[in-house]
Amino acid sequence: MATAKDRAQAKAGSGLNDDIGEQKRLEMYRTQVVIREAEQRAYDLFLQNLVKGTSHLSLGQEAVAAGFAGAMKQGDLSFCTYRGHAHTLARGVPVEKVLGELMQRDNGLMRGKGGSMHLTSVDHGVMGSYAIIGAHLPIACGAAWRAQYKGAKDVSVCFFGDGTTNIGAFHEALNFAAVWKLPVIFVCENNLYMEYTPIGDVTAVPQPAADRASAYGLERILIDGNDADVVYRTAQAAFEKARAGEGPSLIECLTYRYSGHSRADPAKYRPEGELDRWKLRDPIKIYRERLLQFGVAEKIITDIDAQVRKIVDDATEACKAAPPPPLDIITTDVYADGGWAWRN
Amino acid sequence: MAELTYRDAVIRGIAQEMTRDPDVVFLGEDVAKAGGVFKATVGLYEQFGPLRVRDTPISEQAILGAAMGAAMTGLKPIAEIMFSDFFAVCFDYIANEFPKSRYMSNGQVKCPLVVRTGNGAGSRFGAQHSQSVENWCMMIPGLKVVAPSNPRDVIGLLAAAVRDPDPVIFLEHKSLYATKGEVPDGEIVDSLGTAKVLRSGKDATICALALMVPRALEAAEKLKAEHGIDCEVVDVRSLVPLDTQTILGSIAKTHRLFTVEENPRLCGWGAEIVSIAADEAFYDFDGPPVRITTPHLPLPAADILEDIVLPTPDRIAETVRRSLGS
Ligand SMILES: Cc1ncc(C[n+]2csc(CCOP(=O)(O)OP(=O)(O)O)c2C)c(N)n1
Ligand SMILES: [Mg+2]
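Described below are features of the structure shown in this document. On a predicted model such as this, the values are computed, not experimentally measured, just so you know. For every chain, the first residue of the written sequence is number 1, and numbering continues from 1 along that sequence. Naming scheme: in the order in which they are written, chains are lettered from A and ligands are numbered from 1. Predicted model: local features are reported for residues with pLDDT of at least 70 only, side-chain atom pairs are reported and counted for 80 or more only, and whole-chain, interface and lining totals are derived from all residues. Excluding hydrogens and water, the side-chain values take into account all heavy atoms of the structure.

1. What to know about the side chain of His87 of chain A
Residues and elements named next belong to chain A.
Then step 1. Only DSSP runs of H or I reaching four residues or more are called helices, and only runs of E reaching two or more are called strands; each is numbered from the N terminus. Secondary-structure assignment places His87 in helix 4 (residues 85-90).
Then step 2. What makes His87 buried here is its relative accessible area of 2%.
Then step 3. Once residues lying within four places of it in the same chain are set aside, the contact partners of His87 are Val64, Ala65, Cys80, Phe159 and Glu189. The rule is simple: take the accessible area with a 1.4 Å probe, protein chains only, and divide by the maximum for that residue type; under 20% is buried, over 50% is exposed, in between is partly exposed. In this description, contact between two residues means that some pair of their heavy atoms is separated by no more than 4.5 Å.

What follows is the structure, given as structure tokens:
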């Protein structure tokens, strides 16, 4: 006999009533579109010389950020790299704050004091974006240690690239987290390149993170990082494990970045056709098709697209109109007293 | 009042703060069950238990990174780096992470932690286990740096460091661990950024830090006894914040300045003090300021060699005497 759930599922004909559900899927779709539009805008603004300094885009990698943020609870902590715009936006930090920081305006997330590589919004659980490769893996361990010590249920999630698996801090952190059984999730976004060099050219094993998991007594987890549903489900399991006090997870997500490493990089080192092949599996395209196939009205999807476009347009205008930071913040917040005095 | 070794003062200081505040936690290599390679943490594991006093793997980056993550999210960690020379393998945290996170985040991120470490020469350990690295730390905006010279200051400055909302590098001198001093009973809390005049005098100011403090005091007694030269000895104690007022006040009185530094010559803290004094007290001077330092060398291991390179009471006294022309 069919249960009520079966009937509902048959009615929807869709799979939208599964463990993820329609609401969560629309949320993750929206997150991916926010990242796509904001990152594309950052690129356009760079071409207009309105984004200064450097910037590292996550175009093509949106599903990892959306899937993990979708699985996070309030209070969970994100630790990002310089390629951190996506994870920052995914936690709900306003687009204007992110673009403002990239454009080095007073309305930026850190008023221009950090720059694009260091996006931080403690109120949103974004505990910083770190630009020294590997530095934040041990830091995420420390935040997880505090949760363990305090008996808090929050989990620290640390995002990094494939290239990061070859630095010592990665290995120190993995061992440390495993030995102390810390509630931390290490997420390797394998986009196939460390800056300009293919990861395979410099790594002893084919899968830079997954193939190292066993060295720390961890399960080998290698997933499709372009499918937000897969990312979400994998994340859910890792969160459950962490919250149950069963220790860390290391998850390798296969994905691809569409742009160069940073704004200055035309990415000429990539073999012909590689980018086009990955674009066939574009995370947003995959997800939009799935939503349609599951019976979500096209209008709902295009409304989200339009809404997000408007948010990014409005944010852009607000940033263009925003003043540069005032000079008096040069000397603030070096020390906890708010100032910079090192002598009397 | 009790007589305590510098080593036992470290234990008492940590215990005082861990007793006061349950958010104070302590981690490092061999610090818990073994009580530390210098036996400066004996008994803490037994007193505070395995959740608060934790042995780590040999992973200096993990130790400092974990301390930072814990500090950012509400704990008050004390991390031990066994030898200060090992700062070189975890310097990212000291140079890039602890001191810059607050600034880069426009004040959102805090980093209230203490890194304790065994610093300095005298143990005949050679060039990689004997360095005085206070100058490595002093040059980084955002850090605080202290180096006590006696047991009472160990407790007081350690307490001040733990209670301070900024990252503090706490340099314990390995050759002072066995030295003794009078320590009052009860809680001791000092303040960072304060130098102390340990001996007053009218003819010359000698600024010293850590192991160089007892040597400067010995030199001062010798100068008085043998040459009638009356030196004022200032224990700098805290390099950041730096108590320039106490130092400049002493120069205004004595009109001469000598710094005694264990660190190698280039970019030592004495150069900074001389520079400040030259800018702000030039007309107080009756003669050139003089830096007495370890020469710009890696440290040799053999006792006879190591003893020659570190400033000794004799070298300090002789340098002061010659400079004063007596
Ligand atoms: C310690 C350190 N070494 C080198 C660099 C320069 N660098 C910046 S990003 C990068 C590549 C990192 O690759 P990966 O971890 O795969 O991250 P992705 O950029 O692909 O997201 C390098 C080498 C750095 N920032 N820090
Ligand atoms: Mg990469």
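2. Thoughts on the interface of chain B and chain A
Then step 1. In this complex, chain B contributes 50 residues to the contact, which on the side of chain A involves 41 residues.
Then step 2. Where chain B abuts chain A, roughly 3,900 Å² becomes buried across the two surfaces, and 60% of that area is made up of carbon and sulfur atoms.
Then step 3. Salt bridges are counted wherever a side-chain nitrogen of Lys or Arg sits within 4 Å of a carboxyl oxygen of Asp or Glu. Taken together, the links from chain B to chain A amount to two salt bridges.
Then step 4. Of all the secondary structure elements, the ones that give two or more residues to the side of chain B that touches chain A are strand 2 (24-28), strand 3 (53-55), helix 3 (60-72), helix 4 (91-104), helix 8 (244-254) and helix 9 (269-280) of chain B.
Then step 5. No other element matches helix 3 of chain B, which puts nine residues into the side of chain B that touches chain A.
Then step 6. Polar here means any residue other than Ala, Val, Leu, Ile, Met, Phe, Trp, Tyr, Cys and Pro, which are nonpolar, and Asp, Glu, Lys and Arg, which are charged; Gly is therefore polar. For the side of chain B that touches chain A, a count of residues per class yields 23 nonpolar, 14 polar and 13 charged. Buried area: the accessible area, evaluated with a 1.4 Å probe, that two parts lose upon being put together, summed over both parts.

3. Observations concerning the coordination of the magnesium ion (ligand 2)
Geometrically, a metal with four donors at the corners of a regular tetrahedron has ideal angles of 109.5 degrees, and one with six donors at the corners of a regular octahedron has ideal angles of 90 or 180 degrees.
Then step 1. Listed as protein donors to the magnesium ion (ligand 2) are Asp162 of chain A (OD), Asn191 of chain A (OD1) and Tyr193 of chain A (O); their distances from the metal cover 2.1 to 2.2 Å.
Then step 2. Donor criterion used throughout: N, O or S atom within 2.8 Å of the metal, extended to 3.2 Å for Na, K and Ca. Water excluded; incomplete-looking sites may result. One chain supplies every donor for the magnesium ion (ligand 2), spaced along it as D-x28-N-x1-Y.

4. A closer look at helix 3 (residues 62-71) of chain A
Then step 1. With respect to burial, helix 3 of chain A is a largely interior element, 10 of its 10 residues being buried.
Then step 2. Every buried residue of helix 3 of chain A is accounted for by Glu62, Ala63, Val64, Ala65, Ala66, Gly67, Phe68, Ala69, Gly70 and Ala71 of chain A.

5. A word on the pattern of salt bridges
Then step 1. On inspection of all chains with the given rule, the structure shows 44 salt bridges over all chains.
Then step 2. Two residues, Arg36 of chain A and Asp282 of chain A, come together in a salt bridge whose shortest N-O distance is 2.7 Å. Pair noted here: Arg36 of chain A is in helix 2 (residues 21-47) and Asp282 of chain A is in the loop between helix 9 (274-280) and helix 10 (283-293), with a separation of 246 residues, a long-range link. Across this residue pair, the class does not change: Arg36 of chain A and Asp282 of chain A are buried.
Then step 3. A salt bridge links Glu17 of chain B to Arg20 of chain B, with the shortest nitrogen-to-oxygen separation between them at 2.6 Å. A residue pair is termed a helical-turn pair when its members lie 3 or 4 positions apart in one helix, as Glu17 of chain B and Arg20 of chain B do in helix 1 (residues 6-20) at three residues.
Then step 4. Arg20 of chain B sits in the partly exposed class, given a relative accessible area of 35%.
Then step 5. What you see here is one network of salt bridges that share partners, running through Asp18, Asp19, Arg25, Asp227, Asp229, Arg233 and Arg290 of chain A.

6. Structural notes on the sheet that holds strand 1 (residues 77-81) of chain A
Adjacent strands of a sheet pair through backbone hydrogen bonds, lying either parallel or antiparallel.
All names here are of chain A.
Then step 1. When DSSP finds two or more bridges between a pair of strands, those strands are recorded as paired. One open sheet holds the six strands; their spatial order is 2-1-3-4-8-7, and the pairing between them is parallel. Only two strands of the sheet have a single partner each, and these edge strands are strand 2 (126-130) and strand 7 (222-224). Taken over all neighbouring pairs, the strand axes of this sheet differ in orientation by 20° on average, direction set aside.
Then step 2. Both strand 7 and strand 8 (residues 249-254) contribute to a ladder of three bridges, which runs parallel. Pairing of Asp224 across the sheet is with Leu254, part of strand 8.
Then step 3. Axis angles are defined between N-to-C directions and span 0 to 180 degrees, where every axis is a line fitted to C-alpha atoms and, for a helix, only to the segment in contact. Contacts from helix 3 reach strand 3 (156-161), strand 4 (184-190) and strand 8, with the element oriented near 165° to strand 4.

7. Some words on the packing of aromatic side chains
Then step 1. Aromatic pairs are defined between Phe, Tyr and Trp rings, using the six-membered ring for Trp, whenever the two ring centres lie within 6.5 Å; interplanar angles under 30 degrees are classed as stacked, those over 60 as edge-to-face, and all others as tilted. Inspection of the entire model under this criterion finds 18 aromatic pairs over all chains.
Then step 2. Geometrically, the ring pair formed by Phe176 of chain A and Trp180 of chain A is tilted, given 4.3 Å between the ring centres and 35° between the ring planes. Taken as a pair, Phe176 of chain A and Trp180 of chain A lie in helix 7 (residues 168-180) at a separation of four residues, close to a single helical turn. Here the two residues Phe176 of chain A and Trp180 of chain A agree in accessibility, since each one is buried.
Then step 3. Between Tyr193 of chain A and Tyr269 of chain A, the aromatic rings sit 5.3 Å apart at their centres with planes inclined by 55°, giving tilted as the arrangement. You can see Tyr193 of chain A sitting in strand 5 (residues 193-194) and its partner Tyr269 of chain A sitting in the loop between strand 8 and helix 9, a full 76 residues away along the chain.
Then step 4. Grouped by ring-pair contacts, the aromatic residues Tyr6, Phe38, Phe83, Phe86, Phe125 and Tyr177 of chain B constitute a single cluster.
Then step 5. Charge-over-ring contacts are defined here by two conditions on Lys NZ or Arg CZ: a distance within 6 Å of the ring centre and an angle within 35 degrees of the ring normal. Lys279 of chain A extends its terminal NZ or CZ atom over the ring of Tyr258 of chain A, reaching a point 5.1 Å from the ring centre.
Then step 6. Over the face of the ring belonging to Trp180 of chain A we find Arg54 of chain B, whose NZ or CZ atom lies 3.6 Å from the ring centre.

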